[in-house]
Amino acid sequence: MAKGYWVSVYPAIDPERLTAYDKLAGPAVQAGGGRNLALLPSRGGRVVAHEAGITQRVVLIEFDSFEQAVAAYESEAYQKALAALPHGVQRDFRIIEGID
């Protein structure tokens, strides 16, 4: 079974404003079976940007299946986290299916 991934890129944010979202989203993701593979650059990782040149926050989360990734997004706990996203935060969020 192919894994599922959440891929988020935040073109313009103030990381300090994401505190409430982060406090709710982390436990919701873990409860849904997600594992953080990357949270850049805030966790010390490096980014080399090409094309559109976005170097702001990038998040990659892995799930055991695509269905699990969708269910985690639709969960009550994660929906509460989404409600805590500050106004004005822009992000490109996708749920994608991995390749076996």
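Just above, that's the structure.
About the cut-offs
Residues numbered from 1 in each chain as written. Predicted model: local features only at pLDDT ≥ 70, side-chain atom pairs only at ≥ 80, totals over all residues. Heavy atoms only, no water. Axes fitted to C-alpha atoms, helices over the stretch in contact; angles between N-to-C directions. Helix = DSSP H or I, 4+ residues; strand = E, 2+ residues; numbered from the N terminus. Parallel < 35°, antiparallel > 145°, perpendicular 65-115°, else oblique. Left-handed = near helix turned anticlockwise from the far one by under 90°. Contact = heavy atoms within 4.5 Å. Buried < 20%, exposed > 50% of the residue type's maximum accessible area, 1.4 Å probe, protein only. Polar contact = N/O pair within 3.5 Å; in protein donor to acceptor, adjacent residues only side chain to side chain. Pairing = 2+ DSSP bridges. Phe/Tyr/Trp six-rings, centres within 6.5 Å; stacked < 30°, edge-to-face > 60°. Lys NZ or Arg CZ within 6 Å of the ring centre and 35° of its normal.

Novice: Would you mind going over the packing of helix α1 (residues 19-31) against helix α3 (residues 76-83) with me for this structure?
Specialist: How two helices pack is summed up by the angle between their axes together with the distance between the axes. Remark: α1 packs on α3, axes separated minimally by 8 Å, with the N-to-C direction vectors making an angle of 165°. As the angle between them shows, α1 and α3 are arranged roughly antiparallel. At the point where α1 passes α3, the crossing takes the left-handed sense. Residue-level contacts link Y21, L24, A25 and A28 of α1 to A77, Y78, K80, A81 and L82 of α3.

Novice: So what exactly am I meant to see when it comes to the side chain of E62 here?
Specialist: As for its position among the elements, E62 is in strand β3 (residues 58-63). When its relative accessible area of 11% is taken as the criterion, E62 is described as buried. In terms of polar contacts, E62 uses its side chain to reach the side chain of Y5, at 3.0 Å. If we ignore the near neighbours within four places in the chain, the residues touching E62 are K3, G4, Y5, G33, G34, R35 and L37.

Novice: Explain the side chain of R57 here, please?
Specialist: Tracing the backbone through its elements, the reader meets R57 in the loop between β2 (35-40) and β3. Look at R57 and you get buried, because its relative accessible area is 12%. When neighbours within four sequence positions are excluded, R57 is seen to be in contact with S8, V9, Y10, I13, L18, Y21, D22, L39, L40 and P41.

Novice: Would you take a moment to explain the environment of K23 for this structure?
Specialist: You can see K23 is positioned in helix α1. Residue K23 is classed as exposed on the basis of its relative accessible area of 62%.

Novice: When you look at the pairing of β3 in this model, what are you seeing that I'm missing?
Specialist: Looking down a regular strand, the side chains alternate between one sheet face and the other. Pairing between strand β1 (residues 4-12) and β3: six bridges, direction antiparallel. Bridge assignment links V7 to a residue of β3, and that residue is L60. In this structure, β2 lies alongside β3, joined through five bridges in antiparallel fashion. By the bridge assignment, R35 is partnered in β3 with E62.

Novice: Just checking my understanding: could you explain the packing of aromatic side chains for this structure?
Specialist: Here the distance between the centres and the angle between the planes together describe a pair of aromatic rings. Following the criterion strictly, the structure yields seven aromatic pairs and no others. Centroid distance Y21 to Y78: 6.2 Å. Interplanar angle 75°. Geometry classified as edge-to-face. Of this pair, Y21 sits in helix α1 while Y78 sits in helix α3, placing them 57 residues apart in sequence. Between Y73 and Y78 the ring centres are 5.4 Å apart and the planes differ by 45°, which places this aromatic pair in the tilted class. The exposure class assigned to Y78 is buried, which follows from its relative accessible area of 0%. An aromatic cluster is built from W6, Y21, F63, Y73, Y78 and F93, whose rings are joined through pairwise contacts. In this structure, R57 is placed above the aromatic ring of Y10, and the distance from its NZ or CZ to the ring centre is 5.1 Å.

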